[in-house]
Amino acid sequence: MSAEYSPLEAVVRARRSVRGFKPDPVPQEVLREALEMAQWAPSNCNVQPWRVTIASGEARDRLSKAMVDKFYSGAFDPPDHPVEIFHDEYRTWQVDCAKRLYGEMGVERHDKEGRICAMARNYELFDAPHVAIVCMDKKFGVGTALTVGMWMQTFMLALTERGVDTCAMAAMRSYADTIRTTLDIPENHAVLCGIAIGYEDVEVPANRTRQPRGPLEDNVAWRS
Ligand SMILES: Cc1cc2nc3c(=O)[nH]c(=O)nc-3n(C[C@H](O)[C@H](O)[C@H](O)COP(=O)(O)O)c2cc1C
(Lines give C-alpha, C1' and ligand atoms only; values in the text may rest on other atoms or scores of the structure.)
Protein backbone atom coordinates (compact mmCIF):
# COMPACT_ATOMS: atom_id res chain seq x y z
CA MET A 1 0.00 0.00 0.00
CA SER A 2 1.25 3.47 -0.87
CA ALA A 3 2.47 5.92 1.77
CA GLU A 4 1.09 8.90 -0.19
CA TYR A 5 -2.50 8.14 0.87
CA SER A 6 -4.21 8.28 4.23
CA PRO A 7 -4.61 4.81 5.79
CA LEU A 8 -8.28 4.71 4.76
CA GLU A 9 -7.65 5.83 1.18
CA ALA A 10 -4.76 3.40 0.84
CA VAL A 11 -7.06 0.51 1.79
CA VAL A 12 -9.87 1.70 -0.49
CA ARG A 13 -7.46 1.96 -3.42
CA ALA A 14 -5.70 -1.32 -2.61
CA ARG A 15 -8.90 -3.40 -2.75
CA ARG A 16 -9.53 -4.96 -6.12
CA SER A 17 -11.24 -8.07 -7.34
CA VAL A 18 -8.97 -11.11 -7.17
CA ARG A 19 -9.93 -14.09 -9.35
CA GLY A 20 -7.37 -16.73 -8.48
CA PHE A 21 -6.49 -17.70 -4.91
CA LYS A 22 -3.91 -19.82 -3.13
CA PRO A 23 -5.38 -22.73 -1.12
CA ASP A 24 -4.09 -21.34 2.21
CA PRO A 25 -7.00 -20.72 4.59
CA VAL A 26 -7.45 -17.36 6.31
CA PRO A 27 -7.17 -17.73 10.11
CA GLN A 28 -10.57 -17.80 11.77
CA GLU A 29 -9.62 -14.87 14.04
CA VAL A 30 -8.82 -12.69 11.01
CA LEU A 31 -12.21 -13.47 9.45
CA ARG A 32 -13.84 -12.74 12.80
CA GLU A 33 -12.06 -9.39 13.20
CA ALA A 34 -13.18 -8.31 9.74
CA LEU A 35 -16.75 -9.43 10.47
CA GLU A 36 -16.71 -7.54 13.79
CA MET A 37 -15.57 -4.40 11.98
CA ALA A 38 -18.25 -4.79 9.30
CA GLN A 39 -20.90 -4.92 12.03
CA TRP A 40 -20.29 -1.13 12.23
CA ALA A 41 -21.69 -0.55 8.76
CA PRO A 42 -24.65 1.85 8.91
CA SER A 43 -28.17 0.65 8.17
CA ASN A 44 -31.55 2.33 7.76
CA CYS A 45 -33.17 2.43 11.25
CA ASN A 46 -30.21 0.33 12.42
CA VAL A 47 -31.97 -2.91 11.44
CA GLN A 48 -28.62 -4.52 10.43
CA PRO A 49 -30.25 -6.65 7.72
CA TRP A 50 -27.18 -8.53 6.43
CA ARG A 51 -27.44 -12.28 6.95
CA VAL A 52 -24.15 -13.93 6.09
CA THR A 53 -22.91 -17.51 5.91
CA ILE A 54 -19.18 -18.20 5.67
CA ALA A 55 -18.38 -21.54 4.06
CA SER A 56 -14.94 -23.13 4.36
CA GLY A 57 -13.49 -26.64 4.05
CA GLU A 58 -15.97 -29.37 3.14
CA ALA A 59 -18.96 -27.02 3.10
CA ARG A 60 -17.18 -24.77 0.61
CA ASP A 61 -16.20 -27.77 -1.55
CA ARG A 62 -19.75 -29.21 -1.52
CA LEU A 63 -21.20 -25.85 -2.54
CA SER A 64 -18.71 -25.29 -5.34
CA LYS A 65 -19.24 -28.81 -6.74
CA ALA A 66 -23.03 -28.44 -6.65
CA MET A 67 -22.86 -25.12 -8.55
CA VAL A 68 -20.22 -26.25 -11.07
CA ASP A 69 -22.17 -29.46 -11.85
CA LYS A 70 -25.37 -27.48 -12.42
CA PHE A 71 -23.61 -24.82 -14.47
CA TYR A 72 -22.03 -27.34 -16.87
CA SER A 73 -25.40 -29.12 -17.20
CA GLY A 74 -26.85 -25.76 -18.35
CA ALA A 75 -29.27 -25.47 -15.39
CA PHE A 76 -29.92 -22.34 -13.33
CA ASP A 77 -32.11 -21.87 -10.25
CA PRO A 78 -35.03 -19.43 -10.35
CA PRO A 79 -33.72 -15.96 -9.37
CA ASP A 80 -34.76 -14.47 -6.00
CA HIS A 81 -34.86 -11.03 -7.65
CA PRO A 82 -35.34 -9.97 -11.28
CA VAL A 83 -32.16 -10.28 -13.33
CA GLU A 84 -30.68 -6.85 -14.22
CA ILE A 85 -29.58 -6.10 -17.78
CA PHE A 86 -26.99 -3.34 -18.27
CA HIS A 87 -28.01 -0.94 -21.07
CA ASP A 88 -26.56 2.09 -22.91
CA GLU A 89 -23.41 3.48 -21.27
CA TYR A 90 -23.63 0.80 -18.55
CA ARG A 91 -23.43 -1.86 -21.26
CA THR A 92 -20.33 -0.15 -22.67
CA TRP A 93 -18.64 -0.34 -19.27
CA GLN A 94 -19.75 -3.97 -18.86
CA VAL A 95 -18.29 -5.01 -22.23
CA ASP A 96 -15.11 -3.07 -21.52
CA CYS A 97 -14.78 -4.79 -18.13
CA ALA A 98 -15.21 -8.26 -19.69
CA LYS A 99 -12.76 -7.45 -22.51
CA ARG A 100 -10.12 -6.39 -20.02
CA LEU A 101 -10.58 -9.51 -17.87
CA TYR A 102 -10.92 -11.99 -20.74
CA GLY A 103 -7.97 -10.33 -22.46
CA GLU A 104 -5.75 -11.13 -19.48
CA MET A 105 -7.19 -14.67 -19.37
CA GLY A 106 -6.47 -15.16 -23.08
CA VAL A 107 -10.15 -15.78 -23.92
CA GLU A 108 -11.17 -14.42 -27.34
CA ARG A 109 -14.60 -12.84 -27.91
CA HIS A 110 -15.82 -15.70 -30.13
CA ASP A 111 -14.29 -18.49 -28.03
CA LYS A 112 -17.59 -19.82 -26.65
CA GLU A 113 -16.03 -22.68 -24.71
CA GLY A 114 -13.39 -20.39 -23.22
CA ARG A 115 -16.07 -17.96 -22.08
CA ILE A 116 -18.07 -20.77 -20.45
CA CYS A 117 -14.94 -21.93 -18.60
CA ALA A 118 -14.24 -18.33 -17.56
CA MET A 119 -17.79 -18.01 -16.19
CA ALA A 120 -17.43 -21.35 -14.38
CA ARG A 121 -14.49 -19.86 -12.45
CA ASN A 122 -17.11 -17.99 -10.39
CA TYR A 123 -18.66 -21.30 -9.34
CA GLU A 124 -15.21 -22.74 -8.67
CA LEU A 125 -15.01 -19.74 -6.33
CA PHE A 126 -11.78 -18.80 -8.10
CA ASP A 127 -10.22 -21.54 -5.88
CA ALA A 128 -10.71 -19.36 -2.80
CA PRO A 129 -10.69 -21.33 0.48
CA HIS A 130 -13.69 -19.40 1.83
CA VAL A 131 -16.88 -17.92 0.45
CA ALA A 132 -19.27 -15.54 2.19
CA ILE A 133 -22.88 -15.87 1.06
CA VAL A 134 -24.53 -12.51 1.63
CA CYS A 135 -28.30 -12.58 2.09
CA MET A 136 -31.20 -10.50 3.32
CA ASP A 137 -34.82 -11.34 4.14
CA LYS A 138 -36.83 -12.02 0.98
CA LYS A 139 -39.41 -9.40 2.01
CA PHE A 140 -36.88 -6.58 1.55
CA GLY A 141 -36.21 -4.69 -1.67
CA VAL A 142 -33.83 -2.16 -3.08
CA GLY A 143 -33.62 0.07 0.03
CA THR A 144 -32.38 -2.72 2.23
CA ALA A 145 -30.13 -4.16 -0.48
CA LEU A 146 -28.41 -0.76 -0.37
CA THR A 147 -27.60 -1.28 3.29
CA VAL A 148 -26.28 -4.79 2.67
CA GLY A 149 -24.01 -3.33 -0.02
CA MET A 150 -22.57 -0.97 2.58
CA TRP A 151 -21.89 -3.96 4.81
CA MET A 152 -20.18 -5.76 1.92
CA GLN A 153 -17.76 -2.93 1.16
CA THR A 154 -16.96 -2.49 4.86
CA PHE A 155 -16.24 -6.22 5.14
CA MET A 156 -14.10 -6.31 2.01
CA LEU A 157 -12.09 -3.28 3.15
CA ALA A 158 -11.60 -4.82 6.60
CA LEU A 159 -10.17 -7.89 4.85
CA THR A 160 -8.00 -5.80 2.51
CA GLU A 161 -6.55 -4.02 5.52
CA ARG A 162 -5.58 -7.44 6.89
CA GLY A 163 -3.89 -8.53 3.65
CA VAL A 164 -6.79 -10.76 2.61
CA ASP A 165 -8.15 -10.63 -0.95
CA THR A 166 -11.74 -10.84 -2.15
CA CYS A 167 -14.01 -10.94 -5.17
CA ALA A 168 -17.69 -10.05 -4.97
CA MET A 169 -19.73 -12.52 -7.03
CA ALA A 170 -23.22 -11.60 -8.18
CA ALA A 171 -22.94 -14.86 -10.16
CA MET A 172 -24.02 -16.68 -6.97
CA ARG A 173 -27.54 -15.31 -7.53
CA SER A 174 -28.02 -17.88 -10.30
CA TYR A 175 -27.91 -20.70 -7.73
CA ALA A 176 -29.87 -19.33 -4.77
CA ASP A 177 -31.80 -22.57 -4.09
CA THR A 178 -28.67 -24.72 -4.42
CA ILE A 179 -26.81 -22.43 -2.01
CA ARG A 180 -29.64 -22.44 0.56
CA THR A 181 -29.96 -26.23 0.44
CA THR A 182 -26.23 -26.98 0.52
CA LEU A 183 -25.41 -24.54 3.33
CA ASP A 184 -28.65 -24.93 5.30
CA ILE A 185 -29.58 -21.26 4.86
CA PRO A 186 -33.20 -20.39 5.80
CA GLU A 187 -35.65 -20.43 2.91
CA ASN A 188 -36.69 -16.81 3.62
CA HIS A 189 -33.15 -15.50 2.97
CA ALA A 190 -32.61 -14.09 -0.51
CA VAL A 191 -29.10 -14.52 -1.92
CA LEU A 192 -27.70 -11.12 -2.94
CA CYS A 193 -24.05 -11.88 -3.54
CA GLY A 194 -21.12 -14.13 -2.77
CA ILE A 195 -17.63 -13.00 -1.74
CA ALA A 196 -14.63 -15.23 -2.52
CA ILE A 197 -12.09 -14.80 0.29
CA GLY A 198 -8.43 -15.81 0.51
CA TYR A 199 -4.92 -14.88 -0.56
CA GLU A 200 -4.13 -13.88 -4.14
CA ASP A 201 -2.24 -16.32 -6.35
CA VAL A 202 -0.18 -13.83 -8.34
CA GLU A 203 0.57 -16.47 -10.99
CA VAL A 204 -3.08 -16.48 -12.15
CA PRO A 205 -3.31 -14.32 -15.34
CA ALA A 206 -6.80 -12.99 -14.42
CA ASN A 207 -5.17 -11.23 -11.47
CA ARG A 208 -3.26 -8.93 -13.79
CA THR A 209 -6.61 -7.22 -14.53
CA ARG A 210 -6.93 -3.61 -13.44
CA GLN A 211 -10.33 -1.99 -13.98
CA PRO A 212 -10.26 1.80 -14.39
CA ARG A 213 -12.87 4.31 -13.22
CA GLY A 214 -14.55 7.04 -15.26
CA PRO A 215 -14.25 10.76 -14.58
CA LEU A 216 -16.19 12.10 -11.60
CA GLU A 217 -18.41 14.18 -13.92
CA ASP A 218 -19.98 10.96 -15.29
CA ASN A 219 -21.31 10.14 -11.83
CA VAL A 220 -21.72 13.37 -9.92
CA ALA A 221 -23.71 16.54 -10.68
CA TRP A 222 -23.22 19.73 -8.70
CA ARG A 223 -26.05 22.19 -8.02
CA SER A 224 -25.82 25.45 -6.15
C1 LIG B 1 -22.07 -6.41 -6.27
C2 LIG B 1 -20.93 -6.90 -7.12
C3 LIG B 1 -21.05 -8.07 -7.83
C4 LIG B 1 -19.98 -8.56 -8.59
N5 LIG B 1 -20.10 -9.77 -9.22
C6 LIG B 1 -19.03 -10.30 -9.86
C7 LIG B 1 -19.10 -11.62 -10.40
O8 LIG B 1 -20.13 -12.30 -10.34
N9 LIG B 1 -17.98 -12.13 -10.98
C10 LIG B 1 -16.82 -11.42 -11.06
O11 LIG B 1 -15.83 -11.95 -11.61
N12 LIG B 1 -16.73 -10.16 -10.57
C13 LIG B 1 -17.79 -9.59 -9.96
N14 LIG B 1 -17.71 -8.35 -9.38
C15 LIG B 1 -16.44 -7.60 -9.48
C16 LIG B 1 -16.53 -6.44 -10.46
O17 LIG B 1 -16.39 -6.90 -11.77
C18 LIG B 1 -15.42 -5.43 -10.10
O19 LIG B 1 -15.69 -4.90 -8.82
C20 LIG B 1 -15.30 -4.29 -11.09
O21 LIG B 1 -14.95 -4.76 -12.37
C22 LIG B 1 -14.24 -3.26 -10.62
O23 LIG B 1 -12.99 -3.91 -10.46
P24 LIG B 1 -12.24 -3.96 -9.08
O25 LIG B 1 -13.14 -4.63 -8.07
O26 LIG B 1 -11.01 -4.81 -9.36
O27 LIG B 1 -11.93 -2.56 -8.67
C28 LIG B 1 -18.77 -7.83 -8.66
C29 LIG B 1 -18.67 -6.62 -7.95
C30 LIG B 1 -19.72 -6.17 -7.19
C31 LIG B 1 -19.55 -4.89 -6.40
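In case you missed it, the structure is sitting above this.
Residues numbered from 1 in each chain as written. Predicted model: local features only at pLDDT ≥ 70, side-chain atom pairs only at ≥ 80, totals over all residues. Heavy atoms only, no water.

How should the site of the ligand be read in this particular structure?
As a structural note, the neighbourhood of the ligand is formed by 15 residues, with Ser-17, Arg-19, Asn-122, Ala-170 and Arg-213 the closest of them. In the model, an oxygen atom of the ligand is placed 3.0 Å from a nitrogen or oxygen of the Ala-171 main chain. For the ligand, an oxygen atom lies 2.8 Å from a polar atom in the side chain of Arg-213. In the complex, the protein chains occlude 68% of the 620 Å² of accessible area that the ligand would expose alone. For the shell around the ligand, the element with the most residues is strand 3 (residues 165-169), which contributes three residues. Among the residues making up the shell around the ligand, the classes are represented as eight nonpolar, three polar and four charged. (Near = heavy atom within 4 Å. Polar contact = N/O pair within 3.5 Å; in protein donor to acceptor, adjacent residues only side chain to side chain. Areas by Shrake-Rupley, 256 points an atom, 1.4 Å probe, with all protein chains shown as cover. Helix = DSSP H or I, 4+ residues; strand = E, 2+ residues; numbered from the N terminus. Nonpolar A, V, L, I, M, F, W, Y, C, P; charged D, E, K, R; others polar.)

Just to check I follow, could you spell out unusual backbone geometry for this structure?
Peptide bonds are, in most cases, trans, and in most cases residues other than glycine have a negative phi. Of note, the phi angle at Gln-48 is positive, near 50°, even though the residue is not glycine. Relative to the helices and strands, Gln-48 is located in the loop between helix 2 (28-38) and strand 1 (51-56). With a relative accessible area of 30%, Gln-48 lands in the partly exposed category. Unusually for a residue other than glycine, Asp-184 sits at a positive phi of about 55°. You can see Asp-184 is positioned in the loop between helix 7 (176-183) and strand 4 (189-198). Relative accessible area serves as the criterion here: at 69%, Asp-184 is assigned to the exposed category. (Buried < 20%, exposed > 50% of the residue type's maximum accessible area, 1.4 Å probe, protein only.)

Explain the sheet that holds strand 3 to me, please; I cannot follow it from the model alone.
Through backbone hydrogen bonds, the strands of a sheet pair up, either in parallel or in antiparallel fashion. Read across the sheet, four strands follow the order 1-2-4-3 without closing on themselves; strand pairing throughout is antiparallel. Each edge of the sheet is formed by a strand with only one pairing partner; in this case those strands are strand 1 and strand 3. The mean angle between the axes of side-by-side strands here comes to 25°, regardless of whether they run parallel or antiparallel. Each of strand 1, strand 2 (130-137) and strand 4 touches helix 7; the most contacted strand, strand 4, lies at about 75° to it. (Pairing = 2+ DSSP bridges. Axes fitted to C-alpha atoms, helices over the stretch in contact; angles between N-to-C directions. Contact = heavy atoms within 4.5 Å.)

Mind showing me how you'd approach helix 5 (residues 112-123) here?
The end-to-end C-alpha distance of helix 5, which contains 12 residues, comes to 17 Å, matching closely the 16 Å that a straight helix rising 1.5 Å per residue would cover. When helix 5 is considered as a whole, its buried residues turn out to be Gly-114, Ala-118, Ala-120, Arg-121, Asn-122 and Tyr-123. Buried residues in helix 5 make contact with helix 3 (57-73), helix 4 (88-105) and strand 3. In the stretch just after helix 5, Leu-125 is the one whose phi turns positive, near 60°. (Expected span 1.5 Å × (residues − 1).)

Hey, could you run me through the environment of Trp-222 in this one?
You can see Trp-222 is positioned in the segment after strand 4. What makes Trp-222 exposed here is its relative accessible area of 72%. Separated by 30 residues in the primary sequence, Trp-222 and Leu-192 place their C-alpha atoms 32 Å from one another.

Sorry, what's going on with the pattern of salt bridges here?
Here the idea is simple: oppositely charged side chains can pair when their charged atoms come close. Counted under the stated rule, the structure contains 16 salt bridges. Among the salt bridges present, the one from Glu-33 reaches Arg-162, with a minimum N-O distance of 2.8 Å. With Glu-33 in helix 2 and Arg-162 in the loop between helix 6 (142-161) and strand 3, this pair connects stretches of sequence that are 129 residues apart. For Arg-162, a relative accessible area of 29% corresponds to the partly exposed category. The salt bridge partner of Arg-180 is Asp-80, with a shortest N-O separation of 2.9 Å. Linking Arg-180 in helix 7 with Asp-80 in the loop between helix 3 and helix 4, this pair joins segments that are 100 residues apart in sequence. Judged by relative accessible area, which is 24%, Asp-80 ranks as partly exposed. One salt-bridge network, in which partners are shared between bridges, spans Asp-80, Lys-138, Asp-177, Arg-180 and Glu-187. (Salt bridge = Lys/Arg side-chain N within 4 Å of Asp/Glu carboxyl O.)

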